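Residues per chain are reported as follows:
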Amino acid sequence: MSKKVRVRFAPSPTGGLHLGGIRTVLYNYLFAKQHGGDFIVRIEDTDQTRFVDGAEQYIFNCLNWCGLVPDESVQQGGAYGPYRQSERKQRYRVYAEKLVADGHAYYAFDSSAELDKMRDDLKTKGSHTLQYDHHVRMDMKNSLTLAEDEVRALLSDGTPYVIRIKVNPGNQVMFDDMIRGSISFDTNNVDDKVLLKADGMPTYHLAVVVDDYEMQISHAFRGEEWLPSAPVHILLWQHLFGLAAMPQWAHLPLILKPDGNGKLSKRDGDRLGFPVYAMDWRDPSTKEATKGFKEIGFLPEAFINLLAVLGWNDGTEQEVFSLQELVEKFSIAKVHKGGAKFDFEKAKWFNHEWIKRSEVSSYSTLVKSILEQKGLDIQDDNYLHAVMELVKDRCTLLDDFYTQSHYFFADPLSLDEAAVKPKWDEQKNAFFNQLSNRLSDLSNWSNVEIESVFKELAAELKIKMGELQMIFRVMLVGSKIGPGVFIIAETIGKGSTLQRIKSAVAVF
Ligand code: GLU
């Protein structure tokens, strides 16, 4: 019987959640959901020096915003907890000691001065690596070189030590990556990584293997920057639990900067003017605030969509996918091996598509608060929805709703006189005065009726419709933008229409 699908996202709470991080979450989530499996979030906080206050809650806020809610986590709980590695501290030592007892790991008592000297000596010898590995370990102060009673004495004296994996040279370590296929490593190049630190905390290498085992993880997807660590993890699986229990791995390609080939960084976003974090991140130590996709007006549906197709497609021309469709169509095997360049213009295109496609009621609260922050008074949600329907095709970011719709809620702040003045004359003045009179008598205030009154009068006075409509638009909107001008008049109502004509005539 095949194992139940259980995948995990394993962030370290060290700062803002980057596009690449959320894409890793997304691929994990999609894979879990399409196999009826569980999506687990495990907080990898064993490196206390990199811990950042508030970062864990921030990660969950981002996942919530994206709609990628875990089945098990620090917040949801679950049968395999605790889900924070610092709370699992005692478990890792047992495994580290077992590795020592079985001859796969050893105690290392080297002081930092001794480690520095080792590296200096290697440099002097012109060695191409400065690693603690099979070349140097027999010259160092560890349980492979010291007598057993010396080791016991050091341990009982409380001498600080770490536990290192003992990697034997001359072997090939292989595994099948779900994206890259078969990958092999030569153990000659693998160093004796620290597994348990002097403070009793495991390193990432030990913790990730132990937790993936204890949490019965079936598939592990992570960024390709972890590929070089894979041989150590595979050796640990071999020694501790047997390779049959090891999850299937997929190493996800990097998201690349738009210009050049390197990994996209927050600095690239700052330099080129776009966010790389999902949501606002304020670093508690520097107080530096960074806007995220949410704050600049992306819909979560669009954000998820643009991430999904950064390095994956379903083999067709389709680009717009809902989360549900992604669950159905995503395939980890179709993730491209090479990194995908991030394109902010394309990202905005996705947002535009989602603004157009979504029910306005699903994001009207956001738009309402944008409009209110700009000082507009929104009294009626039905009216807001009707306005949003009229202008949503013109909006790329949520903030655009202000530019595109403020005149539905308040008189225009200014009128584009430069557009109107050259066309304005006595005849136009007469037209708009008469139009006001006829419109004020109109009992059925609909765009069709308004348009027919307008056209009739234009024909009577023999004035070209095009110019009149442009002027009418500037009167109601302030500028030449917007949907059909008669629809605008219908929507803002008779009172506002007549009053705007009157004040504009006085200006022109
Ligand atoms: N804690 C690692 C990170 O921050 C997790 C890598 C993994 O998924 O194994 O990315």
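Before any of the text, the structure's been laid out above.
Owing to the predicted nature of the structure, the values given are computational and were not obtained by experimental measurement. (Residues numbered from 1 in each chain as written. Predicted model: local features only at pLDDT ≥ 70, side-chain atom pairs only at ≥ 80, totals over all residues. Heavy atoms only, no water.)

Engineer: Is there a simple way to explain the overall build of the protein in this structure?
Structural biologist: Helices and strands together make up the secondary structure of the protein, namely 20 helices and 13 strands. Relative to the globule expectation of 23 Å for 508 residues, the C-alpha radius of gyration of the protein, 32 Å, shows a markedly less compact shape. Evaluated residue by residue, the protein yields a buried proportion of 51% over its 508 residues. Long-range contacts, defined here as pairs at least 24 residues apart, represent 71% of the contacts in the protein between residues at least 6 apart. As displayed, the protein has an accessible area near 23000 Å², and 49% of this comes from carbon and sulfur atoms. (Helix = DSSP H or I, 4+ residues; strand = E, 2+ residues; numbered from the N terminus. Rg over C-alpha atoms; globule rule 2.2 N^0.38 Å. Buried < 20%, exposed > 50% of the residue type's maximum accessible area, 1.4 Å probe, protein only. Contact = heavy atoms within 4.5 Å. Areas by Shrake-Rupley, 256 points an atom, 1.4 Å probe, with all protein chains shown as cover.)

Engineer: What am I meant to see in the pairing of strand β4 (residues 162-165) here?
Structural biologist: Looking along a regular strand, one sees the side chains alternate between the two faces of the sheet. Burial along β4 is two-sided: the face carrying V162 and R164 and the face carrying I163 and I165 are both buried. Here strand β3 (residues 105-108) pairs with β4 via four bridges, running antiparallel. Bridging from a neighbouring strand, Y107 pairs with I163 of β4. Relative to strand β7 (residues 194-196), β4 runs antiparallel, the two sharing two bridges. If you follow R164 over to β7, its bridge partner there is V194. (Pairing = 2+ DSSP bridges.)

Engineer: Please explain the packing of aromatic side chains as it appears in this structure.
Structural biologist: Aromatic rings considered in pairs are described by the distance between their centres and by the relative angle of their planes. Counted by the stated rule, this structure contains 37 aromatic pairs. When the ring of F109 is compared with that of Y161, the centres are 5.9 Å apart and the planes differ by 55 degrees; the resulting orientation is tilted. One end of the pair, F109, is in the loop between β3 and α4 (112-124); the other, Y161, is in the loop between α5 (148-157) and β4, with 52 residues separating them in the sequence. Both residues of the pair, F109 and Y161, belong to the buried class. (Phe/Tyr/Trp six-rings, centres within 6.5 Å; stacked < 30°, edge-to-face > 60°.)

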